[in-house]
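Geometric and topological summary
The lines below spell out each chain.
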Amino acid sequence: MTKKNNSLFSAYQVSHQVLKTTVFVVILAAAIGLILWNMSGLNRAIGKSTESYVYEVSEKWTDAIEARFDTYELALQLVADSIPRLSDEEAVEEFLNRKSRILEFDQLVTVDRNRKIIPDDFKFTNYEDISGIAASFEKEETIVSAEGDDLMFSTPVYENGSVDKVLVGIRSRENVQALIQSKSFGGSSLTCIIDSEGQVIISPADVKPFLQLNDIFATEKDDPARRNVLKMEQDIIEGKSDVFTFTAADGSRLVLSYHPLGVNDWVLLTLVAADLISGETNTYV
């Protein structure tokens, strides 16, 4: 009888231990599930915060670049207004060389309808094919992309109400790259100016991430990314801004923000690593 009782007691102990273990496993699984769910929610929240932060900073940087372009155009107009008051070509050349240094243009020249250039060392030999100069002879202020990704600013020079000369200011590719490169995001962002057709006007020093965008658009392997790129194309045509996160061709996660510049049909693209904010929290997670 005693042996039977001991056997029943042992079976009860085993069953009780199994029940305790099962309950513990269920509670542990529920706790792990809750932790994973919270982590997923945290990552989504951080992702949204990252996109909002990139969007807001990029928007302010876009406004700053647009204001800088406006400043250059105004400075060019003021220089153009002074040119008719100068006595001779030598005075014009000295004046333009001096103003180019002060205003941080790589070169300032005047071009007249007879193809006379002052100073005569203009870096572009096929300037007649550049649309901005022709438009300025028709009384327009322009900014166009020239050879080698240089930017060419042009404005009419008025004399007695007519335009026989155009003032042209050149900012080199490196000069403009320094202008558009944001110091925000710890200096780890890349910026690029494109037009509404997606053609690069001013590229960053390293254009590889922007080329990866083309890869995503061409392949259809990542449907969400493809939809975002198609939406971006439409937004650019309509002059809208937005931001989205995508996976680049090399597997890295990037945030892309795009904003119209208010110059021609140009748009400023900003690329930032998606772990901009989450990088420090991932260790704790």
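Heads up: the structure comes first, above all this text.
Scope of this entry: the structure provided in the associated data block. (Residues numbered from 1 in each chain as written. Predicted model: local features only at pLDDT ≥ 70, side-chain atom pairs only at ≥ 80, totals over all residues. Heavy atoms only, no water.)

**A look at the overall build of the protein chain**
In terms of helices and strands, the protein chain carries seven helices and 10 strands. Here the protein chain holds 285 residues, and the buried ones make up 39% of them. Within the structure as shown, the protein chain displays about 16400 Å² of accessible surface, and the carbon and sulfur contribution to it stands at 53%. (Helix = DSSP H or I, 4+ residues; strand = E, 2+ residues; numbered from the N terminus. Buried < 20%, exposed > 50% of the residue type's maximum accessible area, 1.4 Å probe, protein only. Areas by Shrake-Rupley, 256 points an atom, 1.4 Å probe, with all protein chains shown as cover.)

**So, the environment of phenylalanine 137**
Its location among the elements puts phenylalanine 137 in helix H3 (residues 131-137). Residue phenylalanine 137 is classed as buried on the basis of its relative accessible area of 13%. Each C-alpha atom of the pair phenylalanine 137 and threonine 155 lies 8.2 Å from the other, and the pair is 18 residues apart in sequence. If we ignore the near neighbours within four places in the chain, the residues touching phenylalanine 137 are Val111, Asp112, Arg113, Val163, Asp164, Lys165 and Val166. (Contact = heavy atoms within 4.5 Å.)

**Let's talk about the pairing of strand S10 (residues 267-273)**
The buried fraction of S10 amounts to six of the seven residues, a majority that puts the element mostly inside the structure. Note that strand S9 (residues 253-260) and S10 share seven bridges and pair antiparallel. Bridge pairing links proline 260 to valine 267 in S10. Counting the residues that bridge the hairpin from S9 to S10 gives six residues, and of these glycine 262 lies at a positive phi of roughly 75°. (Pairing = 2+ DSSP bridges.)

**Section: helix H2 (residues 89-103)**
Its 15 residues place the ends of H2 21 Å apart at the C-alpha level, agreeing with the 21 Å of an ideal helix rising 1.5 Å per residue. Within H2, burial applies to Val92, Phe95, Leu96 and Ser100. Projected onto a plane normal to the axis of H2, the buried residues spread over an arc of 130° and lie on a single side. Exposed positions of H2 whose direction lies more than 90 degrees from the buried face are Glu90, Arg101 and Ile102. Between the side-chain oxygen of the N-cap and the backbone nitrogen of glutamate 90 there are 3.2 Å, and the N-cap of H2 in question is aspartate 88. Immediately downstream of H2, the backbone of glutamate 104 shows phi near 65°, a positive value. (Expected span 1.5 Å × (residues − 1). Arc of directions from axis to C-beta. Polar contact = N/O pair within 3.5 Å; in protein donor to acceptor, adjacent residues only side chain to side chain.)

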